[in-house]
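Take a look at the letters that make up each chain.
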Amino acid sequence: MTFKEYLKNNRVYLDGGLGTLLQEQGLKPGEQPEWWNLTHTDVIVRIHKDYFEAGSHVVCTNTFGANLLKFSEEELEKIIAAAIVNAKKAREQAEGKQEKFVALDIGPSGKLIKPLGNLDFEDAVALFAKTVQLGVKYGVDLILIETMNDSYETKAALLAAKENSNLPVLVSNAYGEDGKLMTGASPAAMVAMLEGMGADAVGANCSLGPKQLQGVVKELLENASVPVFFKPNAGLPREIDGKTVFDVEPAEFAEIISEMMQKGVRIVGGCCGTTPEYMKKLTEKSCEIPVKPIAEKNITMVSSYTHAVKFGASPVLIGERINPTGKKRLKQALRENDMNYILTEGVNQQEKGVHILDVNVGLPDIDEEILLEKAVAELQSIIDLPLQIDTANIGAMERALRRYNGKAMVNSVNGKQESMAAVFPLVKKYGGLVVALTLDESGIPATAEGRFAIAEKILKTAAQYGISKKDIIFDTLTMAISADNTAAAATLTALANIREKLGCHTSLGVSNVSFGLPNRDAINSIFFALALEKGLSAAIMNPHSAEMMKAYYAFRALRGMDENCAEYIGAAESFTVVQAAAATEPGKDAEESGSELQRAIIKGFKEKSGEITTALLQTMPALEIVDREIIPALNRVGVGFESKKVYLPQLLMSAEAAKSAFEVIKASMSGVNTASKGKIVLATVHGDIHDIGKNIVKLLLENYGFDVMDLGRDVPPEAVVSAVTETHAPLAGLSALMTTTVPAMEETIRRLREKAPWCKIVVGGAVLTKEYAEKIGADRYAEDAMETVRYAEIVIAESAGH
């Protein structure tokens, strides 16, 4: 029986932690656990065997960190081959009559993907692809992608698995205490993307204990139409007598996991700190719980790298302004590759309250494939709204979908066989909510019945490609009433029939209805209201139109979608302000007011920040720009990040924009001595190649004026001590992601205490807690990058006072 066949009607028990067990068996600080597949075969086989005998159906190979960033091609093949042989040997030796499977375990690369980091998306796909290819070559049964804390890297790993195997793929993410990934994605956003791409199960693992992750798992269950799995840590780590222990015992662990199984979790296991004893308790506790069938949720949604937008509960607004049709200035910007203009259009529409941005760059005299891909990437770098990829160019559509971080809307497919044959395979591969135009080889039917028939044909064909109707949204085509006074009625009737009889969502490009008529906003807004009453799910519209926004807010208030009419009241003031010559921007958060440079930095406009700074230098001293413009903007974003109103991608892009401004300042002051705030040494500890957190801290510290010595990753304790003593740095920052590398951190701290007693030590990483950090001798545990900056300011101020 294959794993996929078994999963259909059965619960599945995964294995538990491995790293802490290897430490107990003698894994040294900084030693790569993957080498133990070759050097300590008996230990690895025994641990796998113990998990099988505790009741696990699946054991994961000892390959969590096995990739080409860490090993050569020759080493990687030897390690993965040995890891799979060890797991299979354990399966052969283990007692127990349950089905037994071997999963290729794939963890994060330790790198952030561009634009937040230096790793290109395609390079990330290639990195994971090599590991997958070897797993397939040596015969695993399934692939487990786990502990991913970035949605974009998760997509790269899943894409690599899908393109290089036909195996079932389980995908799990590491969520923080706020219920989101490090880069901001909610569980619903991850379901939208992963289920759309064909993951066989989605889940949560690591980072926290079972209690803390219950909310995340509930959100996964509410949104997923595929099996959900749960693989938490054994609580939070602490140190007792020099040994790392976790605060949730096996019985409590089994109790909490069993409760979640009753709610519908289908696949369970353990992560850091769990052992075969945990799995034995869990299988005993939960084996009689009835297996709940997997329910189709029928949720139509798209997502960005932070959140999902769902269709049905309230009308969805799609901003139309990034489309060159009838827009002379945008055409010019596209031809001149002026991304600042395009980004500004996107930000302005976001501030007006749209939920999704339409992106169309189609002009006959440009390379649409390159420009659409670039526009999507640039917009996603500073805006967290989902995008609608709007193109008739199939090559451009695929390039944009491949790079898109989330689940996009795709505009569009139609009833022509040629169109469906080109678009549906892309939607099936990359995921997406595809806009289906009700036209075919015969053109646009004049009647509602004709358009409904095409919708039925599109649904039937989509099903043949494995695309559910929840991922089709119909556009019944808005036609100009100036040419046909029955056009609007046909569109609205077809829309209502599709919504009621097919149960599908609908979208319209509203403004087409008034083409050729005066006072177009009056026609558009009334047509919009009529369409909403007929069940319109989404509208591509101009959010700068006061009449359209009035119709939207009024409809929601009248339909009971706006509690206490709060949003209508809040928007009412802007209705009177939105005029052609309005100097303000209605809907703009007052907290985001400020100078042009501050606004550019807050929004993450890298090029624009440099350009504004260059102009400011003509009238303002350089250091005054730093103190009055750059630092206040960074502080505003930092406070937003600390209060969970701003997510990591926005923080990093703002930091990059500030960096662009600083570079202009530095160039203007060449030859002038400028004192730094102080020296700080940073390192990812020995044995750990995950330097995402460290790199984020470095970027922010440098923007705040600190002189940072970055020693890189996998840094031996003696190298850290040498750097601190040579520079007499008052502060050192250490990072570790894996439980197996925390002993190396502790050793580094011990040596710093001996050789550099003046140096304060701040530590961070997914496996640490405040209590644990204190136990291993650190002065401060920083939960995030901004906390490190705040602590650095305190330390440097204190050292300057002595």
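As shown above, the structure is provided for reference.
First, a word on what this report is: a plain description of the structure on this page. As the structure is a computational prediction, the values presented were derived from the model and not from experiment. (Residues numbered from 1 in each chain as written. Predicted model: local features only at pLDDT ≥ 70, side-chain atom pairs only at ≥ 80, totals over all residues. Heavy atoms only, no water.)

### Notes on the sheet that holds strand β17 (residues 433–437)
The following threshold applies: Strands were regarded as paired on the criterion that DSSP finds at least two bridges between them. Put simply, DSSP marks the helices as runs of H or I at least four residues long and the strands as runs of E at least two long, and each gets a number from the N terminus on. The angle between two axes is taken between their N-to-C directions and runs from 0 to 180 degrees, where each axis is a line fitted to C-alpha atoms and a helix contributes only its stretch in contact. Contacts were defined at the residue level, with two residues in contact if any of their heavy atoms lie within 4.5 Å.
Pairing is parallel around the closed barrel formed by eight strands, whose spatial order is β13-β14-β15-β16-β17-β18-β19-β20. Within this sheet the neighbouring strands show an average axis-to-axis angle of 30°, counted without direction. Direction of pairing for β17 relative to strand β18 (residues 472–475): parallel, over a ladder of four bridges. Residue pairing in the sheet places alanine 436 in a bridge with phenylalanine 474 of β18. Together, β16 (409–414), β17 and β18 form the strand contacts of helix α16 (residues 417–430), whose direction differs from that of β16 by roughly 155°.

### So, helix α7 (residues 151–164)
As a reminder of what qualifies: Expected span of a helix, by definition, is 1.5 Å for each gap between consecutive residues, and there is one gap fewer than residues. Each residue is assigned to one of three classes by its accessible area relative to the maximum for its type, calculated with a 1.4 Å probe on protein chains only: buried under 20%, partly exposed between the two thresholds, exposed over 50%.
Taking 1.5 Å per residue, 14 residues should reach 20 Å; α7 reaches 20 Å between its end C-alpha atoms and fits that length. Extensive coverage of α7 is indicated by the burial of eleven of its 14 residues.

### Quick word on the nonpolar core
Basically, it comes down to this: By nonpolar core is meant a set of buried Ala, Val, Leu, Ile, Met, Phe, Trp, Tyr and Cys residues that side-chain atoms within 4.5 Å join together.
One finds Ile145, Phe528 and Ile630 to be the most contacted residues of the largest nonpolar core, which totals 211 residues. At nine residues, helix α24 (residues 622–642) tops the list of elements feeding residues into this core. Residues contacting phenylalanine 528, with those up to four places away along its chain left out, are Leu317, Val510, Leu536, Ala539, Met548, Ala551 and Tyr552. The next biggest cluster of nonpolar side chains, apart from the first, holds 28 residues, and it includes Val720, Ala732, Tyr772 and Ile776.

### Details of the packing of aromatic side chains
Rules: When two rings of Phe, Tyr or Trp (its six-membered ring) have centres within 6.5 Å they constitute a pair, described as stacked for plane angles under 30 degrees, edge-to-face for angles over 60, and tilted for the intermediate range. Lysine NZ or arginine CZ positioned within 6 Å of the ring centre and within 35 degrees of the ring normal marks a charge as sitting over the ring.
One pass over the full model with this rule turns up seven aromatic pairs. A centroid spacing of 5.4 Å and a plane angle of 85° characterise the contact between phenylalanine 253 and tyrosine 278, whose relative ring orientation is edge-to-face. On the criterion of sequence distance, the pair formed by phenylalanine 253 in helix α10 (residues 250–262) and tyrosine 278 in helix α11 (residues 276–286) is long-range, its members being 25 residues apart. Judged on exposure class, the residue phenylalanine 253 and its partner tyrosine 278 are both buried. With centroids separated by 5.6 Å and ring planes inclined at 50°, the aromatic side chains of phenylalanine 424 and tyrosine 465 adopt a geometry described as tilted. Here the residue phenylalanine 424 occupies a position in helix α16, and tyrosine 465 occupies one in the loop between α17 (448–464) and β18, the gap between them amounting to 41 residues. Among the aromatic residues, those joined into a ring-pair cluster are Phe3, Tyr6 and Phe101. Of note, lysine 608 hangs over the ring of phenylalanine 605, and the distance from its end group to the ring centre comes to 5.2 Å.

### Some details on helix α20 (residues 546–558)
Between its terminal C-alpha atoms α20 stretches 18 Å, which fits the 18 Å expected from 13 residues at 1.5 Å a residue. The complete set of buried residues in α20 reads Ala546, Met548, Met549, Ala551, Tyr552, Tyr553, Phe555 and Arg556.

### Points about the side chain of threonine 61
Rules: Nitrogen and oxygen atoms within 3.5 Å of one another constitute a polar contact, given that in protein one can donate a hydrogen and the other can accept it, and given that sequence-neighbouring residues count only through two side-chain atoms.
Locating threonine 61 in the fold gives a position in the loop between β2 (58–60) and α5 (73–93). At a separation of 3.1 Å, a polar atom in the side chain of threonine 61 contacts the main-chain amide nitrogen of aspartate 105. Among residues more than four places away in sequence, those in contact with threonine 61 are His48, Ala83, Ile84, Ala87, Val102, Ala103, Leu104 and Asp105.

### Side note on the packing of α7 against helix α8 (residues 187–197)
This is how it is decided: Should an angle fall under 35 degrees it is taken as roughly parallel, and over 145 as roughly antiparallel, whereas 65 to 115 is taken as roughly perpendicular and any remaining angle as oblique. It is the rotation of the near helix from the far one that decides the hand of a crossing: anticlockwise by less than a right angle makes it left-handed, clockwise makes it right-handed. Under the scheme applied, nonpolar residues are Ala, Val, Leu, Ile, Met, Phe, Trp, Tyr, Cys and Pro; charged residues are Asp, Glu, Lys and Arg; polar residues are all the others, including Gly.
Close contact between α7 and α8 brings their axes to 10 Å; oriented N to C, the two are set at 15°. Taken together, the axes of α7 and α8 are roughly parallel relative to one another. The two elements α7 and α8 cross, and the hand of that crossing is right-handed. Taking contact as the criterion, the partners of Ser151, Thr154, Lys155, Leu158, Leu159 and Lys162 in α7 are, on α8, Met190, Met193, Leu194 and Met197. A per-class count over the contact of α7 with α8 returns six nonpolar, two polar and two charged.

### Some details on the pairing of β16
Strand residues, when the strand is regular, have side chains that alternate between the two faces of the sheet. We count it as follows: Convention used here: a crossover is right-handed provided that the path from the first strand, over the helix, to the second strand proceeds clockwise when the strands point away from the viewer.
Across the six residues that make up β16, a large majority, six, are buried. Two elements, strand β15 (residues 387–390) and β16, share three bridges in a ladder whose sense is parallel. Opposite isoleucine 389, over in β16, you have valine 410 as the bridge partner. Once the chain exits β15 it traverses helix α15 (residues 394–403) before rejoining the sheet at β16, and the crossover so formed is right-handed. Here β16 runs beside β17; their pairing, made up of five bridges, is parallel. Bridge assignment links valine 413 to a residue of β17, and that residue is alanine 436.

### Description of the sheet that holds strand β25 (residues 780–781)
Across the sheet, which stays open at both edges, the five strands sit in the order β22-β21-β23-β24-β25 with parallel pairing between neighbours. Every interior strand has two partners, whereas the edge strands, β22 (707–710) and β25, have only one. Bridging between strand β24 (residues 760–764) and β25 involves two bridges; their strand directions are parallel. From the neighbouring strand, valine 763 faces β25, where its bridge partner is tyrosine 781.

### Topic: the pattern of salt bridges
Filter applied, for reference: The term salt bridge refers to a pairing of a side-chain nitrogen on Lys or Arg with a carboxyl oxygen on Asp or Glu at a separation within 4 Å.
For the structure shown, the criterion picks out 42 salt bridges. Its salt-bridge partner being lysine 130, residue glutamate 73 comes within 3.6 Å of it at the nearest N-O pair. Placement of glutamate 73 in helix α5 and of lysine 130 in helix α6 (residues 121–137) is noted, with a sequence separation of 57 residues between them. Classification of lysine 130 by relative accessible area gives partly exposed; the value is 22%. Across the pair arginine 335 and aspartate 365 runs a salt bridge, and its minimum N-O distance is 2.7 Å. Placement of arginine 335 in helix α12 (residues 328–335) and of aspartate 365 in the loop between β14 (356–359) and α14 (368–382) is noted, with a sequence separation of 30 residues between them. One connected set of salt bridges, linked through shared partners, spans Asp120, Glu369, Glu373, Arg399 and Arg403.

All we've got here are geometric facts, nothing functional implied.
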